[in-house]
Amino acid sequence: MDARNLFDTRITSRLVRLEWAVALSVSGVAALTHLSEIRWWLFVSLFLAIDLVGYIPGAIAFRRSPDGLIGRGYYVAYNLMHSLVTWAVFAGLWSWLVGLEWALLALPIHLMGDRALFGNSLKPFGVSFEPAAHPAFATFQRDYEGKERDAVRV
């Protein structure tokens, strides 16, 4: 993937997920080494808030929709709540106003877990709210994987 080819192959997708898994592992180890210092009510609240606001309403709307089409607001809520930028700003403000604390590790653990374990990142408006291959992408992928040669000279 690059600035002109906004797609991943299966291999590059797995490599990106591996990078997210490393970040998840670092966050998880940090949490494990500071278990007694974590305010658990805050950790759990932050961890759950991401999906309670950003995923569950859209998932319910999607399942209730006869044609699988839902409002853009659900995508915006998902993307806002699953954005590294949103939570970096939140954690920065929290640290400045309240103080640094280990419970904030809930944020990267949730976000890196979504990306590394489930392959979920932000959702474009043009795809199904729940993962499903877009017909145009499925066609592209078949064509791309069926090419006779790579762009790289071996």
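What you see is a predicted model; the values in this text were computed from it and never measured.

What counts and how
Residues numbered from 1 in each chain as written. Predicted model: local features only at pLDDT ≥ 70, side-chain atom pairs only at ≥ 80, totals over all residues. Heavy atoms only, no water. 1 Å grid on protein atoms, 1.4 Å probe; cavity = no way out; pocket = protein on both sides within 12 Å on 5 of 7 lines; lining within 4 Å. Points joined across faces, edges and corners; volume = space filled by probe spheres on them. Helix = DSSP H or I, 4+ residues; strand = E, 2+ residues; numbered from the N terminus. Nonpolar A, V, L, I, M, F, W, Y, C, P; charged D, E, K, R; others polar. Buried < 20%, exposed > 50% of the residue type's maximum accessible area, 1.4 Å probe, protein only.

Let's talk about the layout of surface pockets
(1) Moving on: Here the largest pocket is characterised by a volume of approximately 1200 Å³.
(2) Moving on: Lining the largest pocket are 30 residues, with Ser-13, Gly-119, Asn-120, Ser-121 and Leu-122 positioned closest to its centre.
(3) Moving on: Those elements that provide at least two residues to the lining of the largest pocket are α1 (10–32), α6 (106–118) and α7 (135–145).
(4) Moving on: Here the lining of the largest pocket is composed, by residue class, of 15 nonpolar, 8 polar and 7 charged.
(5) Moving on: Estimated volume of the second largest pocket: approximately 150 Å³.
(6) Moving on: Elements with a contribution of two residues or more to the lining of the second largest pocket: α5 (84–97) and α6.
(7) Moving on: Tallying contributions element by element places α5 first for the lining of the second largest pocket, with 4 residues.

Details of the environment of Glu-19
(1) Moving on: In this structure, Glu-19 sits in helix α1.
(2) Moving on: Given a relative accessible area of 59%, Glu-19 falls into the exposed group.
(3) Moving on: Between the C-alpha atoms of Glu-19 and Pro-57, which are 38 residues apart in sequence, the distance is 29 Å.

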